[in-house]
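Listed here are the chains, written in short residue letters.
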Amino acid sequence: MSLKAIKVRFPPSPTGYCHVGTARMAVLNYMFAKKMGGTIVFRSEDTDRERSTKEFEEDIVHELKWLGLEWDEFYRQSERTPTYTRELQRLIDEDKAYLSKEPSKKDPSIEVEVVRLRNPGKSITFTDIIRGDITFDTTELGDFAIARAVDDPLYHLTVVIDDALMGITHVIRGEDHISNTPRQILIQEALGYSRPEYAHFPLHLAADKSKLSKRKGDVAVRSYREKGFLPEALLNYLAMLGWTPPSGREIMNIDEMIAEFDLHDLHKSAAVFDLEKLRWFNRQYVERMNEDEFAQYALPVFKSALEEKGNSYDERLAGKLLSLLRERIDVASDIKEAVAEGEFDFFFIKPTLDPARIPDKKSEAGAALKHLSFARDALTEISDSAWTAEGIKDALWEYATAEGRGAVLWPLRYALSGRDKSPDPFLIASIIGRESTLARIDDARTVLAA
Ligand code: GLU
């Protein structure tokens with residue numbers, strides 16, 4: 001027996017921006033095809049002329065490529081009408097389908113023509129790789145429509161013709177298509193095609209276990225891309241939504257996942273699309289970036305966020321903030337939010353100080369003034385080469401330990417940042433430099449003494 005070359009399909013309908021569900025379907029097909037040494041067909045299922053657009057098709061192609069997926073053949077169903085007409089005509093000639101004139105569903109006063117399959121009305125059983133044997137009684141389906149006209153085929157017909165003529169061996173798709181399968185098998189049998197293998201995987205759900213929809217958050221891949229999610233992270237997350245590799249590893253590149261992939265390991269119950277988990281995946285990839293990669297990832301977002309706020313961007317200063325930015329975020333859009341909330345303002349502009357907030361909760365203004373004066377003197381004496389977070393800490397630590405760390409370090413930190421929460425004062429001082437540090441300490445002393 002010769003083994004048929006494995007071939008799968010990505011068959012999106014371009015009626016919306018690339019949905020994360022489409023991306024997940026594609027990832028699963030991709031891993032299976034690559035694992036089996038097979039090939040992939042991209043098929044734009046644009047037979048719904050009213051809802052399909054070029055823009056959506058381009059978006060789907062773009063987002064799947066952005067995720068790192070690729071295919072070997074590309075088809076557009078709207079360009080294949082002659083093929084469908086030929087096969088449909090064959091069915092009509094063999095009396096397996098017939099033209100039926102009937103009142104329009106939309107407007108019963110108008111007569112329309114449809115092409116219906118002569119349904120033998122038998123029981124159909126197919127073996128699903130994920131779910132086992134599934135049996136349907138097709139009697140109830142009646143003579144269902146397969147085309148609006150000889151040159152205007154409907155979805156079930158085009159899918160069946162394409163899968164057969166393109167040599168698709170495995171149909172791997174969401175379980176919302178299970179109920180379509182018996183119809184498609186009836187059409188296949190009427191056309192004398194062989195049956196592909198089927199694998200219907202559970203759909204993934206929103207956090208509240210309902211169907212993932214626009215109302216419940218972002219469903220378009222492009223919105224994750226625009227927020228700065230990394231393609232490797234999203235791909236990794238989508239692949240593992242409903243699949244656990246035997247090794248139990250989570251962070252894996254595509255080749256590692258392909259090596260472990262087996263359709264039989266897909267979970268039988270629905271997975272939940274968890275934004276927090278996706279953010280965690282992204283963070284793992286952010287942590288693994290080298291410094292240059294992180295700078296390229298973070299700085300453009302940082303720059304545009306600061307400029308949007310009217311802060312002037314200082315490249316040298318921004319470069320010093322990289323490690324701080326990296327600690328702070330899961331995904332690039334977090335930078336935007338942090339900047340919008342003013343978290344980084346004090347690095348670029350002098351903070352406005354509230355004298356009541358300068359002393360730490362347990363101290364009086366007089367104590368804060370004394371500690372700030374000590375800090376000023378100590379920091380004036382440090383040599384230029386010791387002006388690092390470590391060097392600054394060394395100059396203050398003994399005093400702070402003796403006098404109370406909160407009492408000494410809180411006023412200093414607040415003087416430098418003007419915020420209740422910020423990085424430690426040593427780091428801030430090392431970044432803004434000696435001149436700004438001393439000037440801010442002086443400002444705090446002035447408002448305290450006033
Ligand atoms: N074009 C169909 C859809 O986007 C998929 C058809 C199939 O997988 O058979 O839902």
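For the structure, check the block above.
I will try to describe carefully the structure that is included in this document. (Residues numbered from 1 in each chain as written. Predicted model: local features only at pLDDT ≥ 70, side-chain atom pairs only at ≥ 80, totals over all residues. Heavy atoms only, no water.)

### A few points about the overall build of the protein
Test applied: The numbering of helices and of strands both runs from the N terminus, where a helix is a DSSP run of H or I of at least 4 residues and a strand a run of E of at least 2. Using C-alpha atoms as the atom set, the radius of gyration is obtained and then compared with a globule rule of 2.2 Å times the number of residues to the power 0.38. Accessible area is worked out with a 1.4 Å probe on protein chains only. A residue is then buried under 20% of its type maximum, exposed over 50%, and partly exposed in between. Between two residues, a contact is recorded if the distance between any of their heavy atoms is within 4.5 Å. In this description, accessible areas are obtained by the Shrake-Rupley approach with a 1.4 Å probe, and a residue is regarded as covered only by the protein chains that are shown. Within this scheme the basic residues Lys and Arg register as positive and the acidic residues Asp and Glu register as negative, but His and the chain ends are omitted. Note that the charge is assigned to NZ on lysines, CZ on arginines, CG on aspartates and CD on glutamates.
In terms of regular secondary structure, the protein is built from 18 helices and 13 strands. Taken over the C-alpha trace, the protein has a radius of gyration of 32 Å; the compact-globule value for 450 residues is 22 Å, which it surpasses by more than 25%. Counting only C-alpha atoms, the protein reaches 100 × 55 × 35 Å along its principal axes. Of all 450 residues assigned to the protein, the portion counted as buried reaches 50%. Counting only contacts in the protein whose residues sit at least 6 apart along the sequence, the fraction spanning at least 24 positions is 72%. Here the protein displays about 21,800 Å² of accessible surface, and carbon together with sulfur accounts for 50% of that area. Both charge centroids of the protein, one from 62 positive and one from 76 negative side chains, sit 2 Å from each other.

### Some points on the layout of surface pockets
Quick note on the threshold: Whether a set of points on the 1 Å grid over the protein atoms alone is a cavity depends on a 1.4 Å probe fitting there but being unable to get out, while an open set qualifies as a pocket with protein on both sides within 12 Å along at least five of seven lines; lining residues are those with an atom within 4 Å of a point. Grid points are joined across faces, edges and corners, and a volume is the space filled by probe spheres set on the points. Think of it as three bins: nonpolar holds Ala, Val, Leu, Ile, Met, Phe, Trp, Tyr, Cys and Pro, charged holds Asp, Glu, Lys and Arg, and polar takes everything else, Gly as well.
Estimated volume of the largest pocket: approximately 1,400 Å³. If you go around the largest pocket, you meet 43 residues; those closest to its centre are Ser 13, Thr 15, Thr 22, Asp 176 and His 177. Breaking the lining of the largest pocket down by element, the ones donating at least two residues are helix 1 (20-35), helix 2 (54-66), strand 9 (152-153) and strand 10 (170-174). By residue number, the principal contributor to the lining of the largest pocket is helix 1, which donates 4 residues. Of the residues contributing to the lining of the largest pocket, the split by class is 15 nonpolar, 13 polar and 15 charged.

### Considerations on the sheet that holds strand 1 (residues 7-10)
As a reminder of what qualifies: Strand pairing requires that DSSP identify at least two bridges connecting the strands. Note on geometry: axes are C-alpha line fits, over the in-contact stretch for helices, and angles between N-to-C directions span 0 to 180 degrees.
If you trace the 3 strands from one edge of the open sheet to the other, you get 1-2-3, paired in parallel fashion. Edge positions in the open sheet fall to strand 1 and strand 3 (73-76), since each of these has one partner strand only. Geometrically, the sheet is characterised by an average inter-axis angle of 25° between neighbouring strands, direction not taken into account. As paired strands, strand 1 and strand 2 (residues 39-44) are joined by 4 bridges and run parallel to one another. In the strand pairing of strand 2, Lys 7 is matched with Thr 39. Lying on the sheet, helix 1 is in contact with strand 1 and strand 2; it crosses strand 1 at an angle near 165°.

### Quick word on the site of the ligand
Rule in force here: A single heavy atom is enough: if one lies within 4 Å of a molecule or strand, its residue is considered near that molecule or strand. Pairs of N or O atoms are called polar contacts if they sit within 3.5 Å, as long as, within protein, a hydrogen donor faces a hydrogen acceptor (for residues adjacent in sequence, only side-chain-to-side-chain pairs).
Neighbouring the ligand are Arg 9, Pro 11, Ser 13, Glu 45, Tyr 155, Val 159, Arg 173 and His 177. Here a nitrogen atom of the ligand sits 2.9 Å away from a polar atom, N or O, in the side chain of Ser 13. His 177 has a polar side-chain atom sitting 3.2 Å from an oxygen atom of the ligand. Burial of the ligand by the surrounding chains reaches 80%, relative to a free accessible area of 300 Å². Along the lines of polarity and charge, the residues of the shell around the ligand split into 3 nonpolar, 2 polar and 3 charged.

### Quick word on the packing of helix 16 (residues 389-403) against helix 17 (residues 405-417)
Rule in force here: Working rule for angles: under 35 degrees goes down as roughly parallel, over 145 as roughly antiparallel, 65 to 115 as roughly perpendicular, anything else as oblique.
One way to put it is that helix 16 packs onto helix 17 with a least axis distance of 6 Å and a crossing angle of 125°. Of the possible angle classes, the one that applies to helix 16 and helix 17 is oblique. Side by side, helix 16 and helix 17 meet where Leu 396, Trp 397, Tyr 399, Ala 400, Thr 401 and Glu 403 of the first sit next to Arg 405, Ala 407, Val 408, Leu 409 and Leu 412 of the second. When its residues are assigned to classes, the contact of helix 16 with helix 17 shows 8 nonpolar, 1 polar and 2 charged.

### A look at the nonpolar core
We apply this condition: To qualify as a nonpolar core, a set must consist of buried Ala, Val, Leu, Ile, Met, Phe, Trp, Tyr and Cys residues joined through side-chain atoms within 4.5 Å.
Ranked by size, the top nonpolar core spans 110 residues in total, and within it Leu 64, Phe 302 and Phe 347 carry the most contacts. Among the elements that take part in this core, helix 1 stands out by supplying 10 residues, more than any other. Apart from residues lying up to four places away in sequence, Phe 347 is in contact with Leu 317, Leu 321, Leu 324, Pro 423, Ile 428, Ile 431 and Ile 432. One finds Leu 91, Ile 124, Leu 157 and Ile 168 within the second-largest nonpolar core, a separate group that totals 28 residues.

### What about the pattern of salt bridges?
For clarity, the threshold we go by: Salt bridges, as used here, are contacts in which a Lys or Arg side-chain nitrogen is within 4 Å of a carboxyl oxygen on Asp or Glu.
Across all of its chains, the model carries 40 salt bridges by this definition. Residues Glu 175 and Arg 131 are paired through a salt bridge, measuring 2.7 Å at the closest nitrogen-oxygen approach. Here Glu 175 is found in the loop between strand 10 and helix 5 (181-191), whereas its partner Arg 131 is found in the loop between strand 6 (123-128) and strand 7 (132-137), with 44 residues between them in sequence. When its relative accessible area of 28% is taken as the criterion, Glu 175 is described as partly exposed.

### Looking at the sheet that holds strand 9
Here 4 strands make up an open sheet; going across it, the order is 4-5-8-9 and the pairing antiparallel. In this open sheet, the two edge strands, each paired with only one partner strand, are strand 4 (97-103) and strand 9. Direction of pairing for strand 4 relative to strand 5 (residues 111-117): antiparallel, over a ladder of 7 bridges. Paired with Ser 100 across the strands is Val 114, a residue of strand 5.

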